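# Chain and residue survey
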Amino acid sequence: MVRHWINCFLLVVSIFLFSCIRAQQSDNSLHNIAFKPGEKITYKIYYHWHFVWLESGKVTFNVALNNYYNHPCYYFTGYGSTYSKYDWFYKVRDTFLTYADTGSLSSLRFIRLSNEGPTHVSNDNVFDNKHHKVYCLSKNKDNKYKEDTVGIPSSTFDVLTGVYYTRCLDFSKCRYNDTISLNLYLDAHTYKIHIRYRGKENVSTSFGKFRCIKFSANLISGTIFKEGEEMTVWVTDDDNRVPIYIEAPIIVGSVRAELQSFSNLRNPMDAKVK
């Protein structure tokens with residue numbers, strides 16, 4: 001029932017937050033004013049099945065500082081799981097780990113460890129941004145390893161790093177209906193996505209009402225998404241750029257993510273309407 005929903009959530013968040021990269025980043029410098037080490041954000045995940053929205057699990061993102069071969073880096077983690085009451089039907093325990101450069105937020109290493117019902121995915125991806133390659137070591141259910149070298153376009157990011165990279169960008173330069181193309185990496189594949197800026201609006205959730213920036217995108221075939229349909233995300237219209245509410249159709253049903261909690265934000269949550 002909920003297979004691939006954390007993958008869907010990470011792709012949705014990254015796709016929409018990536019929207020202004022091409023227009024605003026012409027070099028490898030980046031001024032981070034959006035997040036800091038110690039930040040923690042949690043989302044409730046809902047799955048739509050036969051006209052009913054089921055709160056089926058949660059996803060938590062954390063930020064820390066680390067070193068990668070003596071290179072200072074951010075260490076981003078994403079953890080997703082179904083609630084235990086659904087484990088009898090379909091158990092999900094997913095972990096995403098990323099090392100990213102503290103200056104440019106370029107992806108350095110991306111690890112995915114996923115257990116989704118009978119499906120188990122384990123891969124370790126090392127980025128060679130200079131030569132536009134990713135070296136992927138994957139393990140199958142029989143514990144056999146496979147090595148791949150994947151060519152990637154310039155300015156390609158893993159999906160988890162993409163969430164944080166784009167939170168640092170200035171969305172004020174976007175105009176209504178602007179469309180931007182971008183490249184994301186997941187499981188030895190790159191995805192070219194087209195995103196459309198939809199302006200601003202207030203969004204009410206169980207966590208409160210927020211002033212938000214809105215985006216949508218046409219979904220691509222050959223993935224967990226339905227071809228020809230759109231997904232939508234709302235992010236806070238303040239310096240934090242935190243995703244508040246996300247909706248996306250998938251092959252079977254649809255998913256929705258809603259902010260549940262946050263702590264140690266770099267800036268005040270000014271987008272929340274009092």
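Reading the values: the criteria
Residues numbered from 1 in each chain as written. Predicted model: local features only at pLDDT ≥ 70, side-chain atom pairs only at ≥ 80, totals over all residues. Heavy atoms only, no water. Phe/Tyr/Trp six-rings, centres within 6.5 Å; stacked < 30°, edge-to-face > 60°. Buried < 20%, exposed > 50% of the residue type's maximum accessible area, 1.4 Å probe, protein only. Lys NZ or Arg CZ within 6 Å of the ring centre and 35° of its normal. pLDDT = per-residue confidence, 0-100. Contact = heavy atoms within 4.5 Å. Salt bridge = Lys/Arg side-chain N within 4 Å of Asp/Glu carboxyl O. Helix = DSSP H or I, 4+ residues; strand = E, 2+ residues; numbered from the N terminus. Polar contact = N/O pair within 3.5 Å; in protein donor to acceptor, adjacent residues only side chain to side chain. Core = buried A, V, L, I, M, F, W, Y, C linked by side-chain atoms within 4.5 Å.

## Observations concerning the packing of aromatic side chains
This model, assessed by the stated rule, comprises 14 aromatic pairs. Taking 4.9 Å as the distance between ring centres and 85° as the angle between the ring planes, the aromatic pair formed by Y68 and Y69 counts as edge-to-face. In this structure Y69 comes out as exposed when scored by relative accessible area, which is 73%. Aromatic side chains Y74 and F76 sit 5.7 Å apart centroid to centroid with 15° between the ring planes, which places their arrangement in the stacked category. Of the two residues, Y74 and F76, neither departs from the other in class, the shared state being buried. The ring of W53 is capped by R256, whose NZ or CZ atom sits 4.5 Å from the centre of that ring.

## As for the confidence of the model for the protein chain
Low pLDDT marks regions whose predicted coordinates should not be analysed in detail. Looking at the protein chain as a whole, the pLDDT averages 80, with 81% of positions reaching at least 70. Note that residues 14–28 has pLDDT below 50 and, in this model, 57 contacts with residues that lie over four places away or in other chains.

## Structural notes on the pattern of salt bridges
Across all of its chains, the model carries eight salt bridges by this definition. With its nearest N and O atoms 3.9 Å apart, the salt bridge here joins R175 to D178. Linked through salt bridges whose partners overlap, the residues forming this network are K200, R211 and D237.

## Remarks on helix α3 (residues 159–166)
α3 sits mainly inside the fold: eight of its eight residues count as buried. Restricting attention to buried positions, one finds in α3 the residues V159, L160, T161, G162, V163, Y164, Y165 and T166. The distance from a side-chain oxygen at the start of α3 to the backbone nitrogen of L160 is 2.9 Å, and the residue carrying that oxygen is D158.

## Things to note about the nonpolar core
F35, F76, L105 and Y164 are the most contacted members of the largest nonpolar core, which has 51 residues in total. Those residues in contact with F35 that lie beyond four places of it in its chain are V63, Y74, F76, L105, Y164, R167, C168 and R266. With seven residues, the next largest nonpolar core counts C73, L97, Y99 and I111 among its residues.

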